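Now for the letters of each chain:
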Amino acid sequence: MAKPKPIDDMFDKLTTTQKMIKLGEEMIGLIIERTQRGYGVNGLFKEYSRKGLNPYWKRKQRGEGKAFKGQSEKHKPNSPRDVNLTLTSKMLSSLRVKGSTTADQVTIGMPGTEAIKANAQELQGRAMSTTAKPVTTMEEKFIAEFFGKEIKKAMKDASGRTRIVIG
Amino acid sequence: MSELVKFKKEYLLMVSRMTDQVFQLIKAGQTKDQILELLSKKDFKKVILADKEFKNAYNALNGLYGKALKNMDKFADISPNTLLAITKMNQATFFDKMAVDIATSLKGNMTSGILGGLSKNDIINGVTASLRPDQIDTLVTTALSNYTASINSLMADKLPKNVSYVYTGPVDKKTRPICLQLMSSGQLTRSQINGIVSNGFIERGGFNCRHQWRLLTKQTQMFDPKGAKKEAKLRGISLSG
């Protein structure tokens, strides 16, 4: 049986389209990592409301009730500032390479039901990615450096077309 | 109103309609024995699948497959015939399972209800308690999730056979033993995954599973094989097989 090999280790043998799929997967990883650290594409996420006797962040911390069924224990907030957009992790896990990946374009996004949740967060000042600004400048640089000249060129060719679809 | 909300509403109405039909028999003077005999002979699944209103609601639910298809990962082109075949197979499996579940619940609750002399509302409550509308949510979301996963699996054919996937998602006390096993297994090819659990690449941990298979890259998140092993040890779960 074939031994599993990370896609990184077979990079040189991949077709350009397969490389673009890998680029999309890397971008997803970067977005999830940043989001769970509490940073959106425009900087720190807006903190949870402190209003009321039983604000959302406290209920999320306690994890009581039907709304928190399947909650990820590790992502419970310690304070209203602890925003990671992770309840069960289904929304972030649903980020996928989608659309027809070609040699010069890769699109990442999430299914409709999860995109609704992401959009609701965006409207509340917690955008993990937007059409206008899919990834941060640092992420763009990191990806370009990481993939080297070939993909850098592909990204350049795709400039203005590489997009992240939310919704 | 969404397709799923409509479907759940129709489910409740159908339960009410069918219970009502049985109570019409009581009103018409049928004895308990006669009704019980009728219930035992009746093919509930057939009746459910023939219910016009319910059929309309689940035809509308079929539209969700189209939406899921629109939003799924698409690594490469798949022939329309293959897509159609997968869609039809998934729909048939899902509705068949749904009809069997509803039929079992209806038959069981009606029989025990008639025997126990329960009221119509008590029987309806019994049926909806044994197959709650929120459980229908789970059935539908899991069916759709498996559907997109089966398409993804097809598209993963376009990647090298020995490319490694890892199981990502939370590790905590709610994580199922099978999910702990899959995550603690580390890097696996698609065929190795399906060797551990039959159809594991698509079905993962089962209903409402919070995990996903991802290509392993240096940026892969929520992949914690050590944590999975630790959690399994803590709960006394054997990961050997």
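Along each chain, residue indices are assigned from 1 in the same order as the chain's sequence is written. Whichever chain is written first is A, and whichever ligand is written first is 1; the rest continue in order. This being a predicted model, a pLDDT of at least 70 is required before a residue's local features are given, and a value of 80 or more before pairs of side-chain atoms are given or counted; all residues contribute to the totals for chains, interfaces and linings.

Q: Provide a residue-level description of the overall build of chain A, including the pertinent values.
A: Looking only at helices and strands, chain A features five helices and five strands. The numbering of helices and of strands both runs from the N terminus, where a helix is a DSSP run of H or I of at least 4 residues and a strand a run of E of at least 2. Across chain A, helices and strands are ordered from the amino to the carboxyl terminus as α-β-β-α-α-β-β-α-α-β. To sort residues by burial, count the other C-beta atoms lying within 10 Å of each one's C-beta; a count of 20 or more means buried, 12 or fewer means exposed, and anything in between means partly exposed. C-beta atoms are built from the backbone. For chain A, with 167 residues in total, the buried portion stands at 37%.

Q: How would you summarise the confidence of the model for chain B if you had to cite specific residues and measurements?
A: One number per residue, pLDDT, summarises how confident the predictor is, and it ranges from 0 to 100. Scored by pLDDT, chain B has a mean of 83; 90% of the residues are at 70 or more. Both scores are available for the predicted complex, with the pTM at 0.71 and the ipTM at 0.79.

Q: With reference to specific residues and values, describe the nonpolar core.
A: Residue and element names in this part refer to chain B. In this structure, Val15 and Leu106 are the most contacted members of the largest nonpolar core, which totals 24 residues. Elements supplying a minimum of two residues to this core: α1 (3–27), α4 (52–61), α6 (80–116), α7 (120–130) and α8 (133–156). For Leu106, the contacting residues outside a window of four places in its chain are Val15, Met18, Phe44 and Val127. We define a nonpolar core as a collection of buried residues of the types Ala, Val, Leu, Ile, Met, Phe, Trp, Tyr and Cys that are connected via C-beta atoms lying within 7 Å of each other. What counts as a contact is two residues whose backbone-derived C-beta atoms lie within 7 Å of each other.

Q: Which residues make up the environment of B:Ala99, and what values go with them?
A: All names here are of chain B. Its place among the elements puts Ala99 in helix α6. Along the primary structure Ala99 and Ala156 are separated by 57 residues, whereas in three dimensions their C-alpha atoms are 32 Å apart. Beyond its immediate sequence surroundings of up to four residues, Ala99 is in contact with Lys45, Ile48 and Leu49.

Q: Can you tell me about the packing of α1(B) against α4(B), naming the residues and giving the values?
A: All names here are of chain B. All axes are obtained by fitting lines to C-alpha atoms, using only the stretch in contact for helices, and the reported angles, taken between N-to-C directions, cover 0 to 180 degrees. Following both chains from N to C, one finds α1 and α4 inclined at 160°, their axes separated by 9 Å at the closest point. Classified by the angle between their axes, α1 and α4 sit roughly antiparallel to one another. Handedness of the α1/α4 crossing: left-handed. Packed against α1, whose contacting residues are Glu3, Leu4, Lys6, Phe7, Glu10, Leu13 and Met14, the element α4 presents Glu53, Phe54, Ala57, Tyr58, Ala60 and Leu61 at the interface. The scheme is simple: roughly parallel for angles under 35 degrees, roughly antiparallel for over 145, roughly perpendicular for 65 to 115, oblique for anything else. Crossing chirality is assigned from the near helix's rotation relative to the far helix, an anticlockwise turn below a right angle marking it left-handed and a clockwise turn marking it right-handed.

Q: How would you sum up the environment of B:Asp96? Please name residues and give values.
A: Examined against the element boundaries, B:Asp96 turns out to sit in helix α6. Using a count of 12 C-beta atoms within 10 Å as the deciding quantity, one classes B:Asp96 as exposed.

Q: Can you break down the domain arrangement of chain B residue by residue, with the values?
A: Residues and elements named next belong to chain B. When its domains are assigned, chain B resolves into domain 1 (3–156) and domain 2 (165–234). An automatic or database domain assignment is the source of the domain bounds shown. Taking only C-alpha atoms into account, the centre of domain 1 sits 30 Å from that of domain 2. Each side of the interface is counted separately: domain 1 has seven residues, and domain 2 has six residues. Tallied by class, residues from the side of domain 1 that touches domain 2 come to two nonpolar, five polar and no charged. Nonpolar residues are Ala, Val, Leu, Ile, Met, Phe, Trp, Tyr, Cys and Pro. Charged residues are Asp, Glu, Lys and Arg, and all others, Gly as well, are polar.

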